[in-house]
Structures are given as structure tokens and as C-alpha cells.
Amino acid sequence: MSSVSEGRIPDSAVRSITRGPLRTTLRADDGVGIEAVYDPCTADDAAGGEAGGPGPAIVVAHGFTGSADRPAVRRAVRTFARYAAVVSFSFRGHGRSGGLSTVGDREVLDLAAAVAWARSLGHRRVVTVGFSMGGSVVLRHGALYADEAADGEGARPVAEQDAEHGGRTGARTGAHADAVVSVSAPARWYYRGTAPMRRLHWMVTRPTGRLVGRYGFRTRIHHDEWNPVPLSPVAAAALIAPAPLLIVHGDRDPYFPLDHPRMLAAAAGDAADLWLERGMGHAENAADETLLTRIADWAVPR
């Protein structure tokens, strides 16, 4: 799987802000078509955004084998929509999106396209919330796409050493996140310390496994290995500041034990909040309405 330049995302031709759900196909920077859904805020004061605008937006990035229409993702959308407008989408190789899944590499382009779409609809504050694979993607996106207006001097540069790990400076106007929430994300690549992760690696790396992914999980997986290896989640976490970062992880996560969120939080330092959730399993399927509401409260304080 070959990393590509993680910068410019072409603008999407979409109509003005709408009061009902809107579906469209976005184009990632490498041309892959990404299905996306816009749900307006359902709060009574939804029109009370900054300077009379449409208010904040939350962009939801699902986990591996998920999609914009999976029940757990729609549950998150409904909860978040009480606080903000919500953009959900299917990563490449998932749902109705085109392309093949690169399991967290080029997916950062898909997220950037979704964030840019939210801003094109008038939302000036955009928060990304990612689950599992999506959690690693929001971390990399937060590191690679900078707020061009943060210091008045253009995009905040990514550290020089990131390039050797597949990193690129993300300087595309409007593709940055104002805050980042990563749920059930790995801290490091190639982790095989749990049985579910060993099964996932089999599905990704073996021809038979990819057939299981395609026909059993409706996920089309790229057959190439990463080259170069993308910036790791733990390295990305250290680069997200000054944007706020929330790391959420369950103490019964069967995929990634608690050393993963602790590594991410340690890398981010004072810029991150860490929630270790008692009794929680993995990702969006384990995120109940109470937790989703707390996340929305953090992301869009009232």
C-alpha cells in the first residue's frame, strides 16, 4: 500500500446547507469516490452558530469493516446530532465508497475530504471522532492537516522526521480539525498481541482472508503492503496540539489493551484528556448513548 501526498483535497460541488439529511459522493485527493451523509443538528437552537452561521459539525470516522449506514454508526450520528451537525462517511473499500481499504493509510484522505465538505457547508468549527481504525485515522489527520490560521503564517508544518514514516504536510485549506476524539485506537502498527488482532492480520495479509473480508464483511482490502509505513498513531498524537485531543478506551477492549491509550496520552502530554471506561469493549459497537453523549459534551461544550 503506497502512501500518497496527504495535502490538497479538491472542493466538492455540493449545494447549500440543508435542513434534511443529504447524501453525496466526495472525491478524495487521489480521486477515490467516498460516500458521505450530512445530518443537520436537531437541537432547538441549531441555528445559533458563530455569527449566525450553522454552528459546529462533528465528522464520524468508523472502524474497519464498518460503513456510514451501520447501526452503531447511525446511533452515534443520532446522539451527536443533538449537539451539532454530523457528517458520516464510508472509508474507501467500505460501504458504497470506491477503492480498496488500505487499513488506515490512505484513509486519511477520505477523512480530509469529509472535513472539507463540512466546512464547505458553512461549519466553522469541525471536530473529528474516530473509532478503532477510524481512531488511528483521526490522529494522523490531526497531525498532518494543520489550521492555516492558527499562527497567521500559513499551515503548521509537520516535523521533518515524519516524512520517512509516510507523513506529509497537510496544507489544504479547510481540511483541518479543530478538536480530535480517538476511541479504541491502536497506539502502534502491526500489533498482534490479542487473538482478534491476529485474526484481523490474517484477513488483511492473506488472499483467503481478503476473500473473507470482501464476501463476509463487505470490505474490499488492498493486497499491497504499506510502502512507506504511515506515521504511527503514537507519533501522530504528539503532533496534534494545539488542537484539543480526547482519547477514549474501554478496559475490556478485546483488540487493544490499556497500554495503547496510555501510550497515546503520554505522547500527547498535557494536550490530551484520557478516559478509561469501565466495562467498555471495542469501538462504536461498544459505545452506548451515555458515553456518546459525554463525548459530544466534550466536543461541543454548550
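Peer 1: Would you explain the confidence of the model for the protein in this entry?
Peer 2: Detailed reading of the predicted coordinates is not advisable wherever pLDDT is low. Here the protein averages 87 in pLDDT, and 81% of its residues register 70 or above. Every residue in residues 2-17 is under pLDDT 50, and counting partners more than four places away or in other chains gives 60 contacts. Low pLDDT, under 50, characterises residues 151-171; the stretch is placed with 50 contacts to residues that sit more than four places away or in other chains.

Peer 1: Could you clarify how one ought to interpret the packing of helix α4 (residues 195-205) against helix α5 (residues 207-216) in this entry?
Peer 2: If you want to describe how two helices pack, look at the angle between their axes and the distance between the axes. Between α4 and α5, the shortest axis-to-axis distance is 5 Å and the interhelical angle comes to 100°. By the angle class used here, α4 and α5 are roughly perpendicular. Between α4, through Trp-202, Met-203, Val-204 and Thr-205, and α5, the contact on the second element is made entirely by Pro-207, Thr-208, Gly-209, Arg-210, Val-212 and Gly-213. When grouped by side-chain class, the residues that make up the contact of α4 with α5 number 5 nonpolar, 4 polar and 1 charged.

Peer 1: Any chance you could explain the nonpolar core here in plain terms?
Peer 2: Nonpolar side chains in soluble globular proteins tend to be buried together. Membership of the largest hydrophobic core comes to 57 residues, with the highest contact counts inside it found for Val-59, Phe-64, Phe-89, Trp-117 and Leu-245. At 9 residues, the largest contribution of residues to this core is made by helix α2 (residues 107-120). Residue contacts for Phe-89: discarding those within four places in its chain leaves Ile-34, Glu-35, Ala-36, Val-59, Val-60, Ala-61, His-62, Ser-67, Ala-68, Asp-110, Leu-111 and Ala-114. In this structure, Val-60, Ala-84, Val-129 and Val-181 belong to the second largest nonpolar core, which totals 29 residues.

Peer 1: Before we go on, may I ask you to explain the sheet that holds strand β4 (residues 85-89) in this structure?
Peer 2: Strand pairs in the sheet, formed through backbone hydrogen bonds, run parallel or antiparallel to each other. If you trace the 8 strands from one edge of the open sheet to the other, you get β1-β2-β4-β3-β5-β6-β7-β8, paired in mixed fashion. Each end of this open sheet is capped by a strand with a single partner; those strands are β1 (22-27) and β8 (272-277). Neighbouring strand axes in the sheet, compared pairwise and without regard to direction, differ in orientation by 20° on average. In this structure, strand β6 (residues 179-183) lies alongside strand β7 (residues 245-250), joined through 4 bridges in parallel fashion.

Peer 1: Would you mind going over helix α9 (residues 289-299) with me for this structure?
Peer 2: Turn by turn, an α-helix covers 3.6 residues, leaving residues three or four places apart pointing in a common direction. Listed as buried for α9 are Leu-291, Leu-292, Thr-293, Ile-295, Ala-296, Trp-298 and Ala-299. The inward-facing, buried residues of α9 abut α1 (71-80), β5 (126-131), β6, β7 and β8.

Peer 1: Could you clarify how one ought to interpret the packing of aromatic side chains in this entry?
Peer 2: The relative placement of two aromatic rings is captured by the distance of their centres and the angle of their planes. According to the stated counting rule, one finds 6 aromatic pairs in the structure shown. Ring centres of Tyr-255 and Phe-256 lie 6.4 Å apart, and the angle between their planes is 45°; this geometry places the pair in the tilted category. A residue is classified by how much of its surface remains accessible, and Tyr-255, at 27% relative accessible area, is partly exposed. Overall, the relative accessible area of 4% leaves Phe-256 in the buried class. Taken together, Trp-189, Tyr-190 and Trp-226 form an aromatic cluster joined through their ring pairs.

Peer 1: When you look at the side chain of Ser-132 in this model, what are you seeing that I'm missing?
Peer 2: Its place among the elements puts Ser-132 in the loop between β5 and α3 (133-144). Here Ser-132 falls in the buried class, since its relative accessible area comes to 11%. The contacts of Ser-132, once residues within four sequence positions are left out, are Gly-63, Val-183, Ser-184, Ala-185, Pro-186, Phe-256, His-282 and Ala-283.

Peer 1: Looking at this model, I keep getting lost on the side chain of Arg-220. Mind explaining?
Peer 2: As for its position among the elements, Arg-220 is in the loop between α5 and α6 (233-237). Glu-35 is the oppositely charged side chain nearest to the buried, salt-bridge-free Arg-220, at an N-O distance of 8.3 Å. At 2.4 Å, the side chain of Arg-220 forms a polar contact with the backbone oxygen of Ser-97. Apart from the residues lying within four places of it in its own chain, the contact partners of Arg-220 are Gly-93, His-94, Gly-95, Ser-97, Gly-98, Gly-99, Leu-100, Ser-101 and Arg-214.

Cut-off values and rules
The written sequence of each chain sets the order in which its residues are numbered from 1. Predicted model: local features are reported for residues with pLDDT of at least 70 only, side-chain atom pairs are reported and counted for 80 or more only, and whole-chain, interface and lining totals are derived from all residues. To obtain the side-chain values, all non-hydrogen atoms of the structure were included, while hydrogens and water were left out. Per-residue confidence from the prediction method is given by pLDDT, with values spanning 0 to 100. Residue contacts follow a heavy-atom distance rule, with two residues in contact if any of their heavy atoms lie within 4.5 Å. Here the axes come from fitting lines to C-alpha atoms, over the contacting stretch only for helices, and the angles between their N-to-C directions go from 0 to 180 degrees. Numbered from the N terminus, helices here are DSSP runs of H or I no shorter than four residues, and strands are runs of E no shorter than two. Should an angle fall under 35 degrees it is taken as roughly parallel, and over 145 as roughly antiparallel, whereas 65 to 115 is taken as roughly perpendicular and any remaining angle as oblique. All amino acids are sorted into three groups, where Ala, Val, Leu, Ile, Met, Phe, Trp, Tyr, Cys and Pro are nonpolar, Asp, Glu, Lys and Arg are charged, and the leftover types, Gly among them, are polar. To qualify as a nonpolar core, a set must consist of buried Ala, Val, Leu, Ile, Met, Phe, Trp, Tyr and Cys residues joined through side-chain atoms within 4.5 Å. For the exposure calls, accessible area comes from a 1.4 Å probe over protein chains only, and a residue counts as buried if that area is under 20% of its type's maximum, exposed if over 50%, partly exposed in between. In this analysis, strands are considered paired if DSSP registers two or more bridges between them. Two rings belonging to Phe, Tyr or Trp (six-membered ring only in the last case) form a pair when the distance between their centres is within 6.5 Å. Interplanar angles under 30 degrees mark stacking, angles over 60 mark edge-to-face geometry, and anything in between is tilted. When charges are counted, Lys and Arg contribute as positive and Asp and Glu as negative, whereas His and the chain ends are disregarded. By convention in these notes, a salt bridge is any Lys or Arg side-chain nitrogen within 4 Å of a carboxyl oxygen on Asp or Glu. In protein, a polar contact means a hydrogen-donor-capable atom and an acceptor-capable atom, both N or O and within 3.5 Å, with residues adjacent in sequence counting only if both atoms are side-chain atoms; elsewhere, any N or O pair within 3.5 Å suffices.

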